[in-house]
Amino acid sequence: MEKETIYKVKIEKKQQGTRIDLVLSLALPQISRSYLQKLIGSGAVTIDGTVCGNKKCKVEEGQEVVIILPEPQPLNVEAEDIPLDIVYEDEDLLVVNKPKGMVVHPAAGNESGTLVNAVLYHCMGKLSSINGVIRPGIVHRIDKDTSGLLMVAKNDAAHVTLAEQLAKHSITRAYNAIVYHNFAQDQGTVDAPIGRDPKNRLRQAVTEQNSKRAVTHFRVLERFGRFTHIEARLETGRTHQIRVHMAYMKHPLLGDGVYGPAKNSFGVQGQMLHARLLGFVHPRTGTYMEFESPLPDEFEQILEKLRRSV
């Protein structure tokens, strides 16, 4: 069992007046912001020796922030023998092709049947402990109704390296989506900050309030008049980013009842979004690796119907 880990961060001039949780999330990209906020609330963070229990506390130049990460707790998530579509595996990581409808990690209302439950069984419990006991090995997520590729870290060293690549936006992530309406252009970029929707806490939105920069590059693959098949590449990775950005552009995803029409003529439940391409530098070998996942049957069937309708 690993001992507790201590990180020290010296506040620079450019960080003056920044919230403590944001400072730590930038300094420790391998740890989720929500987990850091939990640690702040538990008294695990000090500023110049004084406990800081408020995530909104703002730091000053020259201060020293110390955070103590507790030793990993025993996993309280059950391993379950659930079939996995494993695209790649070695001693450090897995690349998994997640089906539509599978939740990535346990949460209220979804304590079992998740990707984490399945991966724990497959790896016999040997996953990274970063991000706490509910999300072992999870470096990044995709939504329940988004299918496709994601990577899982088997150890903390791999997790840290992969998380650093995510923070530097050096990981290749390309998605295919079917969206409403035709585009005036063949390609473009959406650079609009995303945060919690001030009017609906269950949604994300393009907003200036408590948001982070979000950048999505897109290009048209096929035009069908009322619908368009696009590729979207993530430069950043905010919650629901592609779904929010496309809705912001008046091109919500087919099947997305949260950001688009509640009903659709195809009877699709859940957004038509597939994480097709994933590329990263291997944490141990330093070799760039890239993986591709074919479009799911449901996605292909809808494309065929759209092609016949043109």
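In the block above lies the structure referred to throughout.
Conventions adopted
- Residue indices begin from 1 for each chain and proceed along its sequence in written order.
- The predicted nature of this model means local features are confined to residues of pLDDT at least 70 and side-chain atom pairs, given and counted, to a pLDDT of 80 or more, with totals for whole chains, interfaces and linings taken over all residues.
- Hydrogen atoms and water are omitted, and side-chain values are computed over all heavy atoms in the structure.
- In short, DSSP must find at least two bridges between two strands for them to pair.
- Numbering of helices and strands runs from the N terminus, with a helix taken as a DSSP run of H or I at least four residues long and a strand as a DSSP run of E at least two residues long.
- In the sections that follow, a salt bridge refers to a side-chain nitrogen of Lys or Arg positioned within 4 Å of a carboxyl oxygen of Asp or Glu.
- Using a 1.4 Å probe on the protein chains alone, a residue whose accessible area is under 20% of its type maximum counts as buried, one over 50% counts as exposed, and one in between counts as partly exposed.
- For patch detection, residues must exceed 30% relative accessible area and be free of salt bridges, and they are connected within 9 Å for like charges or within 5 Å for nonpolar side chains (Val, Leu, Ile, Met, Phe, Trp, Tyr).
- Per-residue accessibility takes into account occlusion by the displayed protein chains alone, with areas from the Shrake-Rupley method and a 1.4 Å probe.
- Charged residues are defined here as Lys and Arg on the positive side and Asp and Glu on the negative side; His and the ends of the chain fall outside this count.
- Here the site of a charge means atom NZ of a Lys, CZ of an Arg, CG of an Asp or CD of a Glu.
- Here, the term nonpolar core denotes a set of buried Ala, Val, Leu, Ile, Met, Phe, Trp, Tyr and Cys residues that are joined through side-chain atoms within 4.5 Å.
- Any two residues whose heavy atoms approach within 4.5 Å are treated as being in contact.
- Any helix carries an expected span of 1.5 Å times its number of residues minus one.
- Axes here refer to lines fitted to C-alpha atoms; in helices the fit is confined to the stretch in contact. Angles between the N-to-C directions go from 0 to 180 degrees.
- Orientation categories follow fixed angle ranges, with anything under 35 degrees roughly parallel, anything over 145 roughly antiparallel, 65 to 115 roughly perpendicular, and all other angles oblique.
- Note on convention: the crossing is left-handed when the near helix lies turned anticlockwise from the far helix by less than a right angle, right-handed when the turn is clockwise.
- Gly is put with the polar residues, along with every residue not named as nonpolar or charged; the nonpolar set is Ala, Val, Leu, Ile, Met, Phe, Trp, Tyr, Cys and Pro, and the charged set is Asp, Glu, Lys and Arg.
- When we speak of the arc, we mean the arc of directions from the helix axis to the C-beta atoms.

Pairing is antiparallel in the open sheet, where four strands are placed in the order 1-4-2-3. The open sheet has two edge strands, strand 1 (5-10) and strand 3 (50-51), and neither has a second partner.

Tallied over the full model, the rule gives 17 salt bridges. Here R307 ties to E222 by a salt bridge, and the two come within 2.8 Å at their closest N and O atoms. Within this pair, whereas R307 is found in helix 6 (residues 297-309), its partner E222 is found in strand 12 (residues 215-223), the two being separated by 85 residues in sequence. Accessibility expressed as a relative area gives 31% for R307, which makes it partly exposed. Judged by relative accessible area, which is 22%, E222 ranks as partly exposed.

Here we come to a positive patch on the surface. Together, K55, K56, R196 and R201 make up a region of like positive charge exposed at the surface. Relative to the helices and strands, R201 resides in the loop between strand 10 (194-196) and strand 11 (204-206).

Quick look at the nonpolar core now. Counting residues in hydrophobic clusters, the biggest one holds 31 residues, and the most contacted among them are I242 and M246. Breaking this core down by element, the ones donating at least two residues are strand 6 (93-98), helix 3 (115-122), strand 7 (147-153), strand 8 (172-180), strand 12, strand 13 (227-234), helix 5 (241-248) and strand 14 (273-281). With four residues, helix 3 is the largest single contributor of residues to this core. The residues contacting M246, other than those within four sequence positions of it, are V179, F183, V190, F218, I230, H251, P252 and L253. Listed in part, the 20 residues of the second largest apolar core include I20, L24, I40 and A44.

With twelve residues, helix 4 (residues 156-167) extends 16 Å from end C-alpha to end C-alpha; this agrees with the ideal 16 Å at 1.5 Å per step. Buried within helix 4 we find D156, A158, H159, L162, A163, Q165 and L166. Once helix 4 ends, the next one or two residues include H169, with phi positive near 60°.

Bringing the pairing of strand 6 into the picture now. Burial of strand 6 is extensive: six of the six residues sit out of reach of the surface. Residues L93, V95 and N97 of strand 6 are buried on one face, and the alternating residues L94, V96 and K98, pointing to the opposite face, are buried as well. Relative to strand 6, strand 5 (residues 86-89) runs antiparallel, the two being bridged by three bridges. Its bridge partner being in strand 6, E89 is matched across the sheet by L94. Linkage of strand 5 to strand 6, two consecutive antiparallel strands, is achieved through a turn of three residues.

Turning our eyes to something else, we now look at the packing of helix 1 (residues 20-27) against helix 2 (residues 33-41). Contact geometry of helix 1 with helix 2 gives a least axis separation of 9 Å together with a crossing angle of 130°. The angle between the axes of helix 1 and helix 2 places the two elements in the oblique class. As for how helix 1 packs across helix 2, the hand of that crossing is right-handed. Residue-level contacts link I20, D21, L22, L24 and S25 of helix 1 to R33, L36, Q37 and I40 of helix 2. Here the residues of the contact of helix 1 with helix 2 sort into five nonpolar, two polar and two charged.

With that settled, consider helix 6. In this model, helix 6 (13 residues) spans 19 Å end to end at C-alpha, consistent with the 18 Å of a helix rising 1.5 Å per residue. Of all the residues in helix 6, the buried ones are F299, I302, L303 and L306. Buried residues of helix 6, seen end-on, are gathered within an arc of 100° and therefore sit on one face of the element. The exposed set on the far side of helix 6, more than 90 degrees from its buried face, consists of D297, Q301 and R308.

By themselves, these observations are geometric and do not establish any function.
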